[in-house]
Amino acid sequence: MKLAEFNTADPARAAETLRPCIDVHRWVETVAAARPFPSTDALLAFASEAANPFTPAEVESAMAHHPRIGERPTAATTEASMSRSEQAGVDPADADLAEALAQGNRDYERKFGRVFLIRAAGRTAPEILQALKERLENSPAEEDTIVAQQLREIAVLRLEGLITE
């Protein structure tokens, strides 16, 4: 969608455009209500600030939409399509890597009670696996901060892919 179209869309359509970036009602409504934006850079900067901080409840809600690393969603939604694209660096045909990620996911879920989340776009599978191993050493409080930051990065990256000048 072009920025001019986003700026003039009715509030429901603007919110519908934003929701696949991250399904956090407060963020979606805040960004939609701040229109018009003079540039995509201004939009992205505002969106990043609006996402800082996400509350624990917002993080939990947003996490419900994220698949495990290495497991690509099959739904035909915009959000699922974005997730598949973001995980393009994870080759499911690499059996050893797939098993290491699966084991890391299980260990992470056992320790933190949620799926491992990382901004996968631009990262290779070995980089993701290394980050997973390192983050398993974190405390729950440290991990909460990292997960919220990763969600912010994902939301802004997705928004950058949706809105163009």
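Presented here is a report on the structure given in the accompanying data block. On a predicted model such as this, the values are computed, not experimentally measured, just so you know.

## What about the nonpolar core?
Grouped together as the largest cluster of nonpolar side chains are 46 residues, with contacts concentrated most on Phe6, Trp27, Val31, Leu151 and Leu159. Counting residues per element, this core draws most heavily on helix H9 (residues 140-162), at seven residues. Apart from the residues within four sequence positions on either side, Leu159 is in contact with Leu18, Cys21, Trp27, Leu43, Leu44 and Ala47.

## Some thoughts on the pattern of salt bridges
Taken as a whole, this structure holds eight salt bridges when the rule is applied. The residue Glu58 makes a salt bridge to Arg26 at a minimum N-O spacing of 2.7 Å. With a gap of 32 residues between them, Glu58 in helix H5 (residues 56-63) and Arg26 in helix H3 (residues 25-33) connect regions that are remote in the sequence. The exposure class assigned to Glu58 is buried, which follows from its relative accessible area of 12%. With a shortest N-O distance of 3.0 Å, Arg106 and Glu99 are connected by a salt bridge. We classify Glu99 as partly exposed; its relative accessible area is 43%.

## Some remarks on the packing of aromatic side chains
With the rule as written, the count across this model stands at three aromatic pairs. Judged by centre distance (4.6 Å) and plane angle (45°), the rings of Tyr108 and Phe112 are tilted. Taken together, the residues Tyr108 and Phe112, both in helix H7 (residues 95-112) and four residues apart, mark about one turn of the helix. Comparing Tyr108 with Phe112 shows no difference in burial state: the two are buried. Geometrically, the ring pair formed by Tyr108 and Phe116 is edge-to-face, given 5.3 Å between the ring centres and 75° between the ring planes.

## With respect to H5
When H5 is considered as a whole, its buried residues turn out to be Glu58, Val59, Ala62 and Met63. Take H5 and look down its axis: the buried residues cluster within an arc of 130°, on one side only. For H5, the exposed residues set more than 90 degrees away from the buried face come down to Pro56, Ala57 and Glu60. Here the buried face of H5 lies against H3 and H9.

Cut-off values and rules
- Residues numbered from 1 in each chain as written.
- Predicted model: local features only at pLDDT ≥ 70, side-chain atom pairs only at ≥ 80, totals over all residues.
- Heavy atoms only, no water.
- Core = buried A, V, L, I, M, F, W, Y, C linked by side-chain atoms within 4.5 Å.
- Buried < 20%, exposed > 50% of the residue type's maximum accessible area, 1.4 Å probe, protein only.
- Helix = DSSP H or I, 4+ residues; strand = E, 2+ residues; numbered from the N terminus.
- Contact = heavy atoms within 4.5 Å.
- Salt bridge = Lys/Arg side-chain N within 4 Å of Asp/Glu carboxyl O.
- Phe/Tyr/Trp six-rings, centres within 6.5 Å; stacked < 30°, edge-to-face > 60°.
- Arc of directions from axis to C-beta.

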